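A look at the structure
Residue-level listing of the chains:
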Amino acid sequence: SGVWTATNPTGGEVSKEQPFDFKTLEKYTTLHDVLANVQKTVKERLDKQNRELTDRRNRFNAPEINTDISTSQIAINYVVAKGCVPVPTIKNPKDADEIIGCLGWGLTDSEVKLLDNAADMSDKGQIV
């Protein structure tokens, strides 16, 4: 999901014990980097869609598309794009908001292909 990475082994919570060792996380550096790049691309695409739909949204009092995309949301929508149904754990309201933020958008074929290639490289131990 990109929460724990070689550059962020605690998942952003300093007082927590590391669930993964550095060597394990380092193997997935390429995948984490691509997740971050896809996150940026999706955010830019959704921001553009929001700007283009402003008039229509105002006329029908419709909500904006979520553009505060996380790498976890990219991972969840990747699972959906592969034809599966993700079953994430929800422990608190923040987790629920994260899941709700996955609705209303998806990954393009090219974004899925980028993630597929990065996953293949990680499986082979290739770090770019």
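Higher on the page you've got the structure.
Reference entry: report on the structure contained in this document. (Residues numbered from 1 in each chain as written. Predicted model: local features only at pLDDT ≥ 70, side-chain atom pairs only at ≥ 80, totals over all residues. Heavy atoms only, no water.)

1. Observations regarding the overall build of the protein chain
Which entries qualify depends on this criterion: A run of H or I in DSSP counts as a helix once it spans at least four residues, and a run of E counts as a strand once it spans at least two, with each numbered from the N terminus. Partly exposed describes any residue whose relative accessible area lies between the buried limit of under 20% and the exposed limit of over 50%, with all areas from a 1.4 Å probe on protein chains only and scaled to the type maximum. Contact definition: two residues touch when any of their heavy atoms are within 4.5 Å.
For the protein chain, the count of helices and strands is six helices and zero strands. From first element to last, N terminus to C terminus, the protein chain shows the α and β order α-α-α-α-α-α. Residues classed as buried in the protein chain amount to 27% of the 128 residues present. For the protein chain, the share of sequence-separated contacts (at least 6 apart) that also reach a separation of at least 24 residues comes to 67%.

2. What about the pattern of salt bridges?
The test is simple: Salt bridge criterion: a side-chain nitrogen from Lys or Arg within 4 Å of a carboxyl oxygen from Asp or Glu.
Counting across every chain of the model gives four salt bridges. Glu111 serves as the salt-bridge partner of Arg45, at 2.9 Å between the closest nitrogen and oxygen. One end of the pair, Arg45, is in helix α2 (residues 29–52); the other, Glu111, is in helix α6 (residues 109–123), with 66 residues separating them in the sequence. Take Glu111: its relative accessible area is 4%, and that puts it in the buried class. Here Glu52 makes a salt bridge to Lys48, at a shortest N to O gap of 4.0 Å. With a gap of four residues between them, Glu52 and Lys48 both fall in helix α2, about one helical turn apart. With a relative accessible area of 56%, Glu52 lands in the exposed category. Taking relative accessible area as the criterion, Lys48 reaches 46% and is therefore assigned partly exposed.

3. Side note on the packing of helix α4 (residues 71–81) against α6
Heads up, the rule is: Here an angle of 0 to 180 degrees is reported between the N-to-C directions of two axes, which are lines fitted to C-alpha atoms, with helices fitted over the stretch in contact. Each angle is binned into one of four classes, with values under 35 degrees roughly parallel, values over 145 roughly antiparallel, values of 65 to 115 roughly perpendicular, and all other values oblique. Only Asp, Glu, Lys and Arg are considered charged, only Ala, Val, Leu, Ile, Met, Phe, Trp, Tyr, Cys and Pro nonpolar, and every remaining residue, Gly among them, polar.
Two elements in contact, α4 and α6, have axes separated by 11 Å at closest approach and are oriented at 100°. Here α6 runs roughly perpendicular to α4, going by the angle between their axes. Residues Ile74, Tyr78 and Ala81 of α4 lie in contact with α6, whose contacting residues are Val112, Leu115 and Asp116. Here the residues of the contact of α4 with α6 are counted per class, giving five nonpolar, no polar and one charged.

4. Some words on the packing of α2 against α6
Remark: α2 packs on α6, axes separated minimally by 8 Å, with the N-to-C direction vectors making an angle of 170°. Comparing their axes, α6 and α2 come out roughly antiparallel. From α2, Thr30, Leu31, Val34, Leu35, Val38, Thr41, Val42 and Arg45 reach across to α6, where they touch Glu111, Leu114, Leu115, Ala118, Ala119, Met121 and Ser122. Looking at the contact of α2 with α6 residue by residue, the class counts come to ten nonpolar, three polar and two charged.

5. So, the environment of Tyr28
As for its position among the elements, Tyr28 is in the loop between α1 (22–27) and α2. Using a relative accessible area of 29% as the deciding quantity, one classes Tyr28 as partly exposed.

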